[in-house]
Amino acid sequence: MRAEDTQMFAEAAASGRLVAAQLAANAGVIAQAAKRLRMHSPTAALICGRGSSDNAGVFARYLIETEVGVMTSPMPLAVSSVYGRAPHVPDGLCLAVSQSGKSPDLVAAAAGARAGGAFVIALVNVEDSPLSQVADLTIPLRAGPELSVAATKSFIASLSAIVHLIAEWSGDADLSAGLGSLPRQLDAAWAQDWSAALPALTDATSLYVVGRGVGFGVAREAALKLKETCGLHAEAFSTAEVRHGPMALVKTGFPVLLLPQSDATYDDAQDLAADFARRGARVFFAGATTAPGVVSLPTVGAHPALEPILLIQSFYRLAATLSTARGFDPDRPPYLNKVTETV
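As the structure is a computational prediction, the values presented were derived from the model and not from experiment.

1. Section: the overall build of the protein chain
And step 1. A count of helical and extended segments in the protein chain gives 13 helices and ten strands.
And step 2. The C-alpha radius of gyration computed for the protein chain amounts to 19 Å, which stays within 12% of the reference 20 Å derived for 343 residues, consistent with globular compactness.
And step 3. Seen through its C-alpha atoms, the protein chain measures out along the principal axes to roughly 55 × 40 × 40 Å.
And step 4. For the protein chain, the residues scored as buried account for 58% of the 343 residues in total.

2. Digging into the environment of Trp-190
And step 1. Here Trp-190 shows up in helix H9 (residues 173–190).
And step 2. If we skip the residues at most four places from it in the chain, Trp-190 touches Phe-9, Ala-12, Ala-13, Gln-313, Tyr-316 and Arg-317.

3. Description of the packing of aromatic side chains
For any pair of aromatic rings, the description consists of the separation of the ring centres together with the inter-plane angle of the planes.
And step 1. A full pass over the atoms with the stated rule returns five aromatic pairs.
And step 2. Considering the side-chain rings of Tyr-266 and Phe-285, the 5.7 Å spacing of their centres and the 75° angle between planes classify their relative orientation as edge-to-face. Remark: Phe-285 occurs in strand S9 (residues 282–286) and Tyr-266 occurs in helix H12 (residues 266–278); sequence separation between them is 19 residues.
And step 3. Among the residues examined, Phe-285 registers a relative accessible area of 0% and is labelled buried.
And step 4. Ring pairing ties together the aromatic residues Tyr-208, Phe-237 and Phe-254, which thus form one cluster.
And step 5. Positioned over the ring face of Phe-119 is Arg-36, at 4.1 Å from the centre of the ring.

4. Concerning the nonpolar core
And step 1. Judged by nonpolar contacts, the single largest core of 86 residues is most densely connected at Ile-121, Ile-139 and Phe-315.
And step 2. Tallying contributions element by element places helix H8 (residues 153–170) first for this core, with eleven residues.
And step 3. If you look at the next biggest cluster of nonpolar residues, it comprises 21 residues, including Phe-254, Tyr-266, Phe-276 and Val-283.

5. Details of the sheet that holds strand S5 (residues 137–140)
And step 1. The strand order across the open sheet formed by five strands is S2-S1-S3-S4-S5, and the pairing between neighbours is parallel. Of all strands in the sheet, those bounded by a partner on one side alone are strand S2 (72–74) and S5. For this sheet, the mean inter-axis angle between neighbouring strands, taken without regard to orientation, is 20°.
And step 2. As paired elements, strand S1 (residues 45–48) and strand S3 (residues 93–98) share four bridges and run parallel to each other. Each bridged residue has a counterpart across the sheet, and for Cys-48 the counterpart in S3 is Ala-96.

6. Topic: the sheet that holds strand S8 (residues 255–258)
And step 1. Spatially, five strands are ordered S7-S6-S8-S9-S10 in an open sheet, and the strand pairing comes out parallel. Two strands bound the open sheet, and with one partner strand each, they are strand S7 (233–238) and strand S10 (294–297). The mean angle between the axes of side-by-side strands here comes to 20°, regardless of whether they run parallel or antiparallel.
And step 2. Bridge count for strand S6 (residues 206–211) against S8 is three bridges, and the pairing is parallel. Looking at the pairing, Val-210 lines up with Leu-258 of S8.
And step 3. Its contacts with the sheet put helix H11 (residues 216–230) on S6 and S7, and the angle it makes with S7 is roughly 175°.

7. Let's talk about the packing of H8 against H9
And step 1. The interhelical angle for the contact between H8 and H9, taken along N-to-C directions, is 160°, at an axis separation of 9 Å. Regarding the angle of H8 to H9, the classification is roughly antiparallel. The interaxial crossing formed by H8 with H9 has left-handed handedness. Residues Ile-156, Ser-160, Val-163, His-164, Ala-167 and Glu-168 of H8 lie in contact with H9, whose contacting residues are Leu-175, Ser-176, Leu-179, Leu-182 and Leu-186.

8. Side note on the pattern of salt bridges
And step 1. Tallying each qualifying case throughout the model produces 13 salt bridges.
And step 2. Among the salt bridges present, the one from Glu-65 reaches Arg-61, with a minimum N-O distance of 3.9 Å. One end of the pair, Glu-65, and the other, Arg-61, are both in helix H4 (residues 52–67), four residues apart, so they sit about a helical turn from each other.
And step 3. Arg-279 is paired through a salt bridge with Asp-275; the nearest N and O atoms lie 3.6 Å apart.
And step 4. For Arg-279, a relative accessible area of 40% translates into the label partly exposed.
And step 5. Within this structure, Arg-212, Arg-243 and Asp-268 form a network of salt bridges that share partners.

Criteria and cut-off values
Residues numbered from 1 in each chain as written. Predicted model: local features only at pLDDT ≥ 70, side-chain atom pairs only at ≥ 80, totals over all residues. Heavy atoms only, no water. Helix = DSSP H or I, 4+ residues; strand = E, 2+ residues; numbered from the N terminus. Rg over C-alpha atoms; globule rule 2.2 N^0.38 Å. Buried < 20%, exposed > 50% of the residue type's maximum accessible area, 1.4 Å probe, protein only. Contact = heavy atoms within 4.5 Å. Phe/Tyr/Trp six-rings, centres within 6.5 Å; stacked < 30°, edge-to-face > 60°. Lys NZ or Arg CZ within 6 Å of the ring centre and 35° of its normal. Core = buried A, V, L, I, M, F, W, Y, C linked by side-chain atoms within 4.5 Å. Pairing = 2+ DSSP bridges. Axes fitted to C-alpha atoms, helices over the stretch in contact; angles between N-to-C directions. Parallel < 35°, antiparallel > 145°, perpendicular 65-115°, else oblique. Left-handed = near helix turned anticlockwise from the far one by under 90°. Salt bridge = Lys/Arg side-chain N within 4 Å of Asp/Glu carboxyl O.

Just distances and angles here, no functional claims.
In structure tokens form, the structure reads like this:
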């Protein structure tokens, strides 16, 4: 099987076109949501999601806290779905992110947050889903049907919708302007060649994926995809946390993928890459680096808050190729379903 023949490859490749359509179609509902958030400034925000949507929520958390300054926390879904309790969040915001909008625990958590006083915004690909029915407002992801079990275009659509909302909410003109270039940049990111990482990863048994700040969510997403589609034990860490206990596992030949963005966290990522290389690790750095022994992977520059979206797009092409090189079918990971309904 060739990676180019998989649905995962085709769906990820379409992300630029889909995001362009999403930004145009969602202008009205995003303006409505942002106006509501400016008029009734949330005291705090909760994020609900599972799997790739949970990783999108990590991206949203950093962006909300850095752009708007509203304290944001992931919501433990079992509090509502298993323990039957609703969080007390008067004048709060709940962002619920999902491809299908069907998982009972996610729906219960969103309903619980609304009962506790939060304004619930659903970012969902299936507009008439149960999640949309319990939300105060739905922002469609507009990714279209996603047939591969591995989410790609719906994850990128989640990130672009999150940026669109927060750019309007915060009034950040630079971020809004950067968003207009995102579809074209996604196409450019898809064309980047990360095959330099293939020899080290084809026979690997485990690796670290490292990011920080607004990019940490895509590091988590990359690690998840490597587990799902490549049968590879991948763990995501921040550039700070990995220096603690996880560093003890880094021996000669251990592969590390760093996914930095060009903000205040970039120099730390450069320093960490050099430190990993000195320990004998096989280090792949997304971006330009002069650190000895570190392999640089080509990237597309953009607004720092948008660069993680471009990094994960380049990564998806590598993941699809790596999956088939390791003898897997990325469209049909073992033991997984497209829609996972947990309680």
